[in-house]
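Summary of the model geometry
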Amino acid sequence: MNQDDLKRSAAAAALDYVASIVERDTIVGIGTGSTTNHFIDALARIRHRFDAAVSSSEASAARLKAHGIQVLDLNAVARVRVYVDGADEINPARQMIKGGGGALTREKIVAASADEFACIVDAGKIVERLGAFPLPVEVIPMARGLAARALRDLGGQPELRPDFITDNGNIILDVHGLDLGDPLAMEQRINNIVGVVCNGIFAAQAAHRVFSAGPQGVRAW
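For the structure given in this document, a descriptive report is provided here. (Residues numbered from 1 in each chain as written. Predicted model: local features only at pLDDT ≥ 70, side-chain atom pairs only at ≥ 80, totals over all residues. Heavy atoms only, no water.)

1. Topic: the side chain of Lys 7
Topologically, Lys 7 is positioned in helix α1 (residues 3-21). Once residues within four sequence positions are removed from consideration, Lys 7 is found in contact with Ser 34, Thr 35, His 38 and Asp 122. (Helix = DSSP H or I, 4+ residues; strand = E, 2+ residues; numbered from the N terminus. Contact = heavy atoms within 4.5 Å.)

Quick look at the structure:
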């Protein structure tokens, strides 16, 4: 199996789970990225089983609509039953780094709004300690220098993501070399930097369940 096959397998396992819990009035939250795209494609098969979706990005919203799935604004719904998304890294505590696609802020908002967060990954994304993947930090453009200096003070090496603007109109600093031995503490410290909108550590909002696909099959944990 190649990596794309593994992503598809994880998405299929998540679809089976979502199909078992949705009802006609259910709202499903959808993330962003290549693994999530497989889930969206699979979700189309049961679009008659739930009411609508909310999306963490314009790209995912367009893909959902192309499959005939209604997409609602998060502010228009009372409850999101489950949020499904991938991760760039995930540890055994189900804490993650997310934001390789640049949608981290909206991903964290939808995840926080959902009753449950289900993460879908290929097994290569599982790590004992977060931090090999550079940490995305969404920053208001005028605070680029201020935030970069503060991130260097925390031990990181921030780099501006070239030619990229988030759906919120902000920039991304990808930060290398941070010590993420305590992901929750670092998440909070970075979020307290003036000008930072959000960072890609999902520790306060860890996944409730994970579907990880490897050569031996899919493991739910």
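2. Digging into the sheet that holds strand β12 (residues 209-214)
Ordered in space as β2-β1-β3-β6-β12-β13, the 6 strands form an open sheet in which the pairing is mixed. The open sheet terminates on both sides in strands that have one partner only, identified here as β2 (52-55) and β13 (217-220). Taken over all neighbouring pairs, the strand axes of this sheet differ in orientation by 20° on average, direction set aside. Pairing of strand β1 (residues 27-30) with β2 involves 4 bridges; the strand directions are parallel. By the bridge assignment for β2, Gly 29 is matched with Val 54. Packing against the sheet, α1 makes contact with β1, β3 (82-85), β6 (117-122), β12 and β13, and its axis sits at approximately 145° to β12. Helix α4 (residues 104-113) contacts β1, β2, β3 and β6 of the sheet and is inclined by roughly 150° relative to β3. (Pairing = 2+ DSSP bridges. Axes fitted to C-alpha atoms, helices over the stretch in contact; angles between N-to-C directions.)

3. Thoughts on empty space enclosed by the protein
All told, the structure shown has 1 cavity of 30 Å³ or more when counted by the stated rule. Quantified by volume, the largest cavity comes out at close to 40 Å³. Taken together, Ser 56, Gly 102, Ala 103, Thr 105, Arg 106, Glu 138, Thr 166, Asp 167 and Asn 168 form the lining of the largest cavity. Across the lining of the largest cavity, the residue classes break down as 1 nonpolar, 5 polar and 3 charged. (1 Å grid on protein atoms, 1.4 Å probe; cavity = no way out; pocket = protein on both sides within 12 Å on 5 of 7 lines; lining within 4 Å. Points joined across faces, edges and corners; volume = space filled by probe spheres on them. Nonpolar A, V, L, I, M, F, W, Y, C, P; charged D, E, K, R; others polar.)

4. Thoughts on the layout of surface pockets
Empty space within the largest pocket amounts to approximately 260 Å³. Around the largest pocket, the lining residues are Ser 55, Ser 57, Glu 58, Ala 61, Lys 65, Val 71, Leu 72, Asp 73, Leu 74, Arg 106, Ile 109 and Val 110. Counting only elements with at least two residues in the lining of the largest pocket, the list comes to α3 (58-66) and α4. Residues that form the lining of the largest pocket fall into these classes: 6 nonpolar, 2 polar and 4 charged. What the second largest pocket holds in volume is close to 210 Å³. Lining the second largest pocket are 17 residues, with Thr 32, Gly 33, Ser 34, Ala 87 and Asp 88 positioned closest to its centre. Of the residues forming the lining of the second largest pocket, the biggest block, 3 residues, is contributed by helix α2 (residues 34-43). Residues that form the lining of the second largest pocket fall into these classes: 1 nonpolar, 10 polar and 6 charged.

5. Notes on the nonpolar core
Most often, soluble globular proteins have nonpolar side chains that are buried together. Core analysis: the biggest nonpolar cluster contains 28 residues, and Val 18, Ile 30, Phe 39, Leu 43, Val 84 and Ile 120 have the highest contact counts within it. Those elements giving two or more residues to this core turn out to be α1, β1, α2, β3, β6 and β12. A per-element tally of this core places α1 first, with 10 residues. With near-sequence residues (within four places) excluded, Ile 120 lies in contact with Ala 10, Ala 11, Ala 14, Thr 35, Thr 36, Phe 39, Val 84, Asp 85, Gly 86, Ala 87 and Phe 211. Counting residues in hydrophobic clusters, the runner-up holds 22 residues, among them Val 127, Ala 148, Leu 154 and Ile 190. (Core = buried A, V, L, I, M, F, W, Y, C linked by side-chain atoms within 4.5 Å. Buried < 20%, exposed > 50% of the residue type's maximum accessible area, 1.4 Å probe, protein only.)

6. Things to note about the sheet that holds strand β7 (residues 135-139)
Strand order in the open sheet formed by 4 strands is β8-β9-β7-β10, and the pairing between neighbours is antiparallel. Of all the strands in the sheet, the pair left with one neighbour each is β8 (157-160) and β10 (196-199). Geometrically, the sheet is characterised by an average inter-axis angle of 30° between neighbouring strands, direction not taken into account. Relative to strand β9 (residues 171-176), β8 is paired through 4 bridges, and the arrangement is antiparallel. When the bridges of β9 are listed, Pro 158 appears paired with Val 175. Contacting β7, β9 and β10, α4 crosses the sheet at an angle of about 70° to β10. Sheet contacts for helix α6 (residues 183-191): β7 and β10; angle to β10, the most-contacted strand, approximately 165°.

7. Concerning the packing of aromatic side chains
Under the definition given, this model contains 3 aromatic pairs. Seen in terms of ring centroids, Tyr 17 and Phe 211 are 6.0 Å apart; in terms of plane orientation they differ by 40°. Their pairing is tilted. Note that Tyr 17 is positioned in helix α1 and Phe 211 in strand β12, a separation of 194 residues in sequence. Accessibility assignment for this pair places Tyr 17 and Phe 211 in one class, buried. Counting every residue linked through ring pairs, the aromatic cluster contains Tyr 83, Phe 117 and Phe 202. Lys 98 extends its terminal NZ or CZ atom over the ring of Phe 202, reaching a point 5.6 Å from the ring centre. The lysine or arginine in question, Arg 161, covers the ring of Phe 164, its NZ or CZ lying 5.2 Å from the ring centre. (Phe/Tyr/Trp six-rings, centres within 6.5 Å; stacked < 30°, edge-to-face > 60°. Lys NZ or Arg CZ within 6 Å of the ring centre and 35° of its normal.)

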